[in-house]
Amino acid sequence: MFEYLKKKSIKSSIPAFLIMLVIGLGLCAYQFSNVVSAINGHAVLSELEPKKLKEGMVVDADIEANNGAFMEIYNTTGGKKNTTALYYIISMDADNNPPYMAVRVSVSMEDEMEAMADNTFAGKFSDPIHISGTVREMNSSTQKYFISYMKEFGFTEQEVKDMMVPYYIYNGKVGDMMNEMVYIIFGIGAVLTIWSIIYMFRVMKGSKLKKIRKEIADAGYSEEQVDADWASASEVLVNGVMKIGQVFTFINDDVPHAIKKDNLVWAYMKTTTHKTNGITTGTTYSVIMFTKDNKEFPVGVKDESTARYVLDEMGKRMPWMLLGYDDELRRCYKRNINEFLDIRYNKVEKI
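Rules of the game
Residues numbered from 1 in each chain as written. Predicted model: local features only at pLDDT ≥ 70, side-chain atom pairs only at ≥ 80, totals over all residues. Heavy atoms only, no water. Helix = DSSP H or I, 4+ residues; strand = E, 2+ residues; numbered from the N terminus. Rg over C-alpha atoms; globule rule 2.2 N^0.38 Å. Contact = heavy atoms within 4.5 Å. Areas by Shrake-Rupley, 256 points an atom, 1.4 Å probe, with all protein chains shown as cover. Lys, Arg positive; Asp, Glu negative; His and termini not counted. Charge placed at Lys NZ, Arg CZ, Asp CG, Glu CD. Pairing = 2+ DSSP bridges. Salt bridge = Lys/Arg side-chain N within 4 Å of Asp/Glu carboxyl O. Buried < 20%, exposed > 50% of the residue type's maximum accessible area, 1.4 Å probe, protein only. Expected span 1.5 Å × (residues − 1). Arc of directions from axis to C-beta. Core = buried A, V, L, I, M, F, W, Y, C linked by side-chain atoms within 4.5 Å. Phe/Tyr/Trp six-rings, centres within 6.5 Å; stacked < 30°, edge-to-face > 60°. Lys NZ or Arg CZ within 6 Å of the ring centre and 35° of its normal. Patch = residues over 30% accessible without salt bridge, like charges linked within 9 Å, V, L, I, M, F, W, Y side chains within 5 Å. Axes fitted to C-alpha atoms, helices over the stretch in contact; angles between N-to-C directions.

Peer 1: Give a description of the overall build of the protein chain that names residues and reports values.
Peer 2: The helix and strand inventory of the protein chain stands at 10 helices and 17 strands. Over its C-alpha atoms the protein chain spans a radius of gyration of 35 Å, topping by over 25% the 20 Å that the globule rule assigns to 351 residues. Taking the principal axes of the C-alpha coordinates as reference, the protein chain spans close to 105 × 45 × 30 Å. Of all intrachain contacts in the protein chain linking residues separated by at least 6 positions in sequence, the fraction that spans at least 24 positions is 61%. Looking at the protein chain as shown, the accessible area adds up to about 19,300 Å², and 53% of this sits on carbon and sulfur atoms. One finds the centroid of the 41 positive side-chain charges in the protein chain at a distance of 12 Å from the centroid of its 45 negative side-chain charges.

Take a look at the structure:
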């Protein structure tokens, strides 16, 4: 019995194991390059030549000057304009000489970036502001705003193009996500991957059989005695999902259980209707069993007729059980188990 239940528990656990493993590995793979980049360290902007800048590179920069904001990102809510991000012109040169590129920062940095711009226009450097993020190529619209802004300082369009590096640093982003999210997503992936392996290892070692072994020991029977009862038990649901023996009722719906027959007192069919957006998408059925010591054991079945068949078989083999649902029965079971047992259990001989 135990070898059979162990193999069945392993087989039934494979889908959950694979789902967790695939999701975990997928999340790790999705952020692997970004995490490796963080571990190895980002490129330093001041040490890069313009031709070495490329899309997706993660760089750090401590800027002491900027030449003002040339573009803003905003949304409109209720007719009110809400700025969310700003593009500033910065230099790849420590002395604020060409070549120039851009940095995108959140609106929360506007005050310090504007104060720095004021100092830059006054010929002064500011305390460094640390920038860290992914290099992105400017699209044509961003380049247009960049050129238009610089032309206001007397440069020709060609002069601006000659001094412009058509990239910007998306501050706070690694890849397509904020820095913190990279580590969070990778961490979740790593945890899922490790947990899925531990989960499957434990199942293979028999972790899902712990409950049934405890139930057998608590009932005062040896595993050999219960194994013999299992071997001679009648199969109520196929593949050993439910069997009724001389002493025990066996349930193997994901986690195996061995319940002494004379401990079962009530069972009924539960119907669950599933809806999406108010539309019925399906119905599932189960048989719920209850014991004298207030334990509940659900068993999933494929349809209503199967549920009724299970209840009929239980009624034949355990005639002391109450079958069927009633609100008053539920209240009585929860309120006073002795009163509940007097309804039928105590009046019928146990076989």
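And the narrative resumes.
Peer 1: Tell me about the sheet that holds strand β15 (residues 279-291), residues and numbers included.
Peer 2: In spatial order, the strands read β16-β15-β14-β17; together these four strands make up an open sheet with mixed pairing. Bordering the open sheet on either side are β16 (296-301) and β17 (322-323), each of which pairs with just one other strand.

Peer 1: So what about the pattern of salt bridges? Which residues, and what values?
Peer 2: Across all of its chains, the model carries 13 salt bridges by this definition. A salt bridge links E157 to K161; its shortest N-O distance comes to 3.3 Å. With E157 and K161 both in helix α4 (residues 157-163) and four residues apart, the pair spans about one turn of that helix. Given a relative accessible area of 37%, E157 falls into the partly exposed group. Put simply, K214 and D218 hold a salt bridge, and the shortest N to O gap is 2.8 Å.

Peer 1: Report on helix α8 (residues 304-317), specifying residues and quantitative values.
Peer 2: Compared with the 20 Å implied by 1.5 Å per residue over 14 residues, the 20 Å span of α8 between its first and last C-alpha is a close match. Within α8, the full set of buried residues consists of T306, A307, V310, L311, E313 and M314. One side of α8 carries all its buried residues, which in axial view fall inside an arc of 160°. Exposed and facing more than 90 degrees away from the buried side of α8 are S305 and K316.

Peer 1: Can you break down the side chain of S126 residue by residue, with the values?
Peer 2: Of note, S126 is situated in the loop between α2 (110-121) and β6 (129-137). Residue S126 is classed as buried on the basis of its relative accessible area of 14%.

Peer 1: Mind laying out the pairing of strand β4 (residues 80-91), listing which residues take part and the relevant values?
Peer 2: Pairing of strand β3 (residues 69-77) with β4 involves eight bridges; the strand directions are antiparallel. In the sheet register, T77 faces β4, and the bridge partner there is K80. Adjacent in sequence and paired antiparallel, β3 and β4 are bridged by two residues, among which G78 carries a positive phi angle near 60°.

Peer 1: Give a description of the nonpolar core that names residues and reports values.
Peer 2: Judged by nonpolar contacts, the single largest core of 36 residues is most densely connected at M242, W266, V287, M289, V310, M314 and F340. Aside from chain neighbours lying at most four places away, what touches F340 is V265, W266, L322, L329, C332 and Y333. One finds M57, L86, Y88 and V165 within the second-largest nonpolar core, a separate group that totals 23 residues.

Peer 1: Which residues make up the packing of aromatic side chains, and what are the values?
Peer 2: Scanning all chains against the criterion turns up 18 aromatic pairs. Note on Y221 and F248: the rings are 5.3 Å apart at their centroids and 80° apart in plane angle, and the pair reads as edge-to-face. Within this pair, whereas Y221 is found in the loop between α6 (210-219) and α7 (223-232), its partner F248 is found in strand β12 (residues 248-253), the two being separated by 27 residues in sequence. An angle of 20° between the planes, with centres 6.3 Å apart, marks the rings of W266 and Y325 as stacked. Of this pair, W266 sits in strand β14 (residues 264-276) while Y325 sits in the loop between β17 and α9 (327-335), placing them 59 residues apart in sequence. Look at Y325 and you get partly exposed, because its relative accessible area is 43%. The positively charged end of K243 is found above the aromatic ring belonging to W230, 4.2 Å away from the centroid. The ring of Y345 carries K350 above its face, with NZ or CZ at 4.1 Å from the centroid.

Peer 1: Please give an account of a negative patch on the surface that cites residues and values.
Peer 2: A cluster of like negative charges, contributed by E110, D111, E112, E114 and D118, occupies part of the molecular surface. A relative accessible area of 40% means that E112 is categorised as partly exposed.

Peer 1: Help me get a handle on the sheet that holds strand β13 (residues 255-260), residues and values and all.
Peer 2: The four strands lie next to each other as β10-β11-β12-β13, forming an open sheet whose pairing is antiparallel. The sheet terminates laterally at β10 (234-237) and β13, the two strands that pair on one side only. Mean inter-strand twist for the sheet, computed between neighbouring axes without regard to direction, equals 20°. Inspection of the sheet shows β12 paired to β13 by six bridges, in the antiparallel sense. Pairing of F250 across the sheet is with A258, part of β13. The strands touched by α6 within the sheet are β12 and β13, with β13 carrying the most contacts at an inclination of about 15°. Contacts from α7 reach β10, β11 (242-244) and β12 within the one sheet, and its direction differs from that of β12 by about 80°.

Peer 1: Account for a nonpolar patch on the surface, naming residues and giving values.
Peer 2: Taken together, the side chains of V191, I194, W195 and I198 define a hydrophobic patch exposed on the protein surface, amounting to about 380 Å² of accessible area. Relative to the assigned elements, I198 resides in helix α5 (residues 179-204). The exposure class of I198 is partly exposed, given its relative accessible area of 37%.

Peer 1: Tell me about the environment of T83, residues and numbers included.
Peer 2: Mapped onto the elements of the fold, T83 is located in strand β4. Its relative accessible area of 22% is what places T83 among the partly exposed residues. Between the C-alpha atoms of T83 and I73, which are 10 residues apart in sequence, the distance is 5.8 Å. Beyond its immediate sequence surroundings of up to four residues, T83 is in contact with E72, I73, Y74 and V107.

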